[in-house]
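# Understanding the architecture of this molecule
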Amino acid sequence: MSGDAEQTELARRLAAVRAGIADAAAAASRRPEELTLIAVTKFHPASLVRDLVALGVHDVGENRHQEAQAKAAELEGLPITWHFIGQLQSKKARQVARYADVIHSIDRAGLVDALAGQERVVDALIQVDLSGEPGRGGVAPEELDALVEHVLATPSLRLRGLMAVAPLGGLPRPAFARVRDLSERVVLPAAPGATWLSIGMSHDYPDAIAEGATHLRIGTAITGNRPDAG
Ligand SMILES: *Cc1c(COP(=O)(O)O)cnc(C)c1O
């Protein structure tokens, strides 16, 4: 269990993020209920997730399979929707689909194939690469339409929308505008229900809200610095 002072600090940071979301939503003439706050808890212990649940957080994001699996097992029975947001190896995909309710990082046909055929239906977001740099995950925008069709042809995946990370060193708002444009031009014509946009992190979530985010993945602004992530 974490100490009282830490819990007070966590509650304070969470309240500040919620206020920041409400402000950004108001500035964009959007209702805060349209936005799902996903608390990203990677590198933090299960006890911190438990504290967040006590503070009313029910959506939790993790990016490493083993760590996520262990926390989901330890916290089984709590009202948590688990979001897998990290790059995913095809050989780990089926294991992730056992505990994850939403996978945000679908980015290639091989991964979709690895998730096909299982009984449990998982919500799926296609991650789009906005950086053009290898190794950061995400499908190239030119290949998005083919991947959308592939996911739609896979009964164990329920396509919900797009996920993206703003490129390092670039301005986030134009990057998020590009995701929104891809959603409108490529995703929605093929899958009208796939309206989710998982964009926005600790440092850029107001821009994401301005560009139509539905899901915000916020780590350090809520949890403080990660223990061993540097
Ligand atoms: C860690 C992580 C986040 C949260 O980042 P913060 O800057 O701590 O808010 C969001 N999305 C992904 C994919 C991540 O890996």
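Residues numbered from 1 in each chain as written. Predicted model: local features only at pLDDT ≥ 70, side-chain atom pairs only at ≥ 80, totals over all residues. Heavy atoms only, no water.

Counting its secondary structure elements, the chain contains nine helices and eight strands. Against the globule reference of 17 Å for 230 residues, the chain gives a C-alpha radius of gyration of 17 Å, in line with a compact fold. Counting only residues that meet the buried cut, the chain has 51% of its 230 residues in that class. When contacts within the chain are restricted to residue pairs at least 6 apart in sequence, those whose partners lie at least 24 apart make up 54%. With an accessible surface of roughly 10600 Å², the chain has 50% of that area assigned to carbon and sulfur atoms. Side chains of the chain give 24 positive and 29 negative charges; the mean places of these two sets differ by 2 Å. (Helix = DSSP H or I, 4+ residues; strand = E, 2+ residues; numbered from the N terminus. Rg over C-alpha atoms; globule rule 2.2 N^0.38 Å. Buried < 20%, exposed > 50% of the residue type's maximum accessible area, 1.4 Å probe, protein only. Contact = heavy atoms within 4.5 Å. Areas by Shrake-Rupley, 256 points an atom, 1.4 Å probe, with all protein chains shown as cover. Lys, Arg positive; Asp, Glu negative; His and termini not counted. Charge placed at Lys NZ, Arg CZ, Asp CG, Glu CD.)

With 66 residues, the main nonpolar core has I21, I103, I106, I126, L144, L162 and I222 as its most contacted residues. If near-sequence neighbours (up to four positions away) are discounted, I222 is found in contact with L10, R13, L14, V17, L37, A39 and L52. (Core = buried A, V, L, I, M, F, W, Y, C linked by side-chain atoms within 4.5 Å.)

So, on to the side chain of H44. Locating H44 in the fold gives a position in the loop between β1 (36–40) and α2 (46–54). Contacts of H44, omitting those with residues within four sequence positions, involve E67, K71, T223, G224, N225, R226 and P227.

A few words on the layout of surface pockets. In this structure, the largest pocket occupies an estimated 680 Å³ of space. In terms of lining, the largest pocket is formed by 30 residues, of which the most central are K42, R136, V165, M201 and R217. A per-class count over the lining of the largest pocket returns 12 nonpolar, 12 polar and six charged. (1 Å grid on protein atoms, 1.4 Å probe; cavity = no way out; pocket = protein on both sides within 12 Å on 5 of 7 lines; lining within 4 Å. Points joined across faces, edges and corners; volume = space filled by probe spheres on them. Nonpolar A, V, L, I, M, F, W, Y, C, P; charged D, E, K, R; others polar.)

To continue, consider the site of the ligand. Near the ligand you find V40, K42, N63, I85, M201, S202, R217, I218, G219, T220 and R226, and these make up its full shell. Within the contact set of the ligand, an oxygen atom lies 2.5 Å away from a side-chain nitrogen or oxygen of S202. In this structure, R217 approaches the ligand through a side-chain N or O atom, which is 2.9 Å from a nitrogen atom. Notes on the ligand: free accessible area 390 Å², of which the protein chains cover 89%. Under a 2 Å grid-point criterion requiring more than half of the atoms, the pocket assigned to the ligand is the largest pocket. Partitioned by chemical class, the residues of the shell around the ligand number four nonpolar, four polar and three charged. (Near = heavy atom within 4 Å. Polar contact = N/O pair within 3.5 Å; in protein donor to acceptor, adjacent residues only side chain to side chain. Sits in = over half its atoms within 2 Å of the grid points.)

On to helix α1 (residues 4–27). Over its 24 residues, α1 extends 35 Å from the first C-alpha to the last, a length consistent with the 34 Å expected when each residue adds 1.5 Å. What α1 keeps buried is the set L10, R13, L14, V17, G20, I21, A24 and A25. (Expected span 1.5 Å × (residues − 1).)

What follows deals with the UniProt feature "domain: Alanine racemase N-terminal" (unreviewed entry) in the chain. UniProt records the feature "domain: Alanine racemase N-terminal" (unreviewed entry) for residues 17–227 in the present numbering. Measuring from the first to the last C-alpha atom of residues 17–227 gives 20 Å, for a span that is 40% helix and 18% strand. (UniProt positions renumbered as here; feature names shortened; annotations may be inferred.)

Residues annotated by UniProt as "modified residue: N6-(pyridoxal phosphate)lysine" (unreviewed entry) correspond here to K42. Looking at where K42 falls in the secondary structure, it is placed in the loop between β1 and α2. The class of K42 is buried, set by a relative accessible area of 17%.

Turning next to the pairing of strand β5 (residues 122–127). Within β5, six of the six residues are buried, which leaves it mostly tucked inside the rest of the structure. Side-chain alternation along β5 places V122, A124 and I126 on one buried face and D123, L125 and Q127 on a second face that is also buried. One ladder, built from three bridges, connects strand β4 (residues 102–106) with β5; its direction is parallel. The residue bridging I103 from the neighbouring strand is A124, located in β5. (Pairing = 2+ DSSP bridges.)

Looking now at the packing of helix α6 (residues 144–152) against helix α7 (residues 172–190). Their axes nearest at 10 Å, the elements α6 and α7 cross at an angle of 30 degrees. Between α6 and α7, the angle is such that the two are roughly parallel. Our pair here, α6 against α7, has a crossing hand that is right-handed. Within the contact between the two elements, α6 uses L144, D145, V148, E149 and L152 and α7 uses L182, V186, V187 and A190. Residues of the contact of α6 with α7, tallied by class, amount to seven nonpolar, no polar and two charged. (Axes fitted to C-alpha atoms, helices over the stretch in contact; angles between N-to-C directions. Parallel < 35°, antiparallel > 145°, perpendicular 65-115°, else oblique. Left-handed = near helix turned anticlockwise from the far one by under 90°.)

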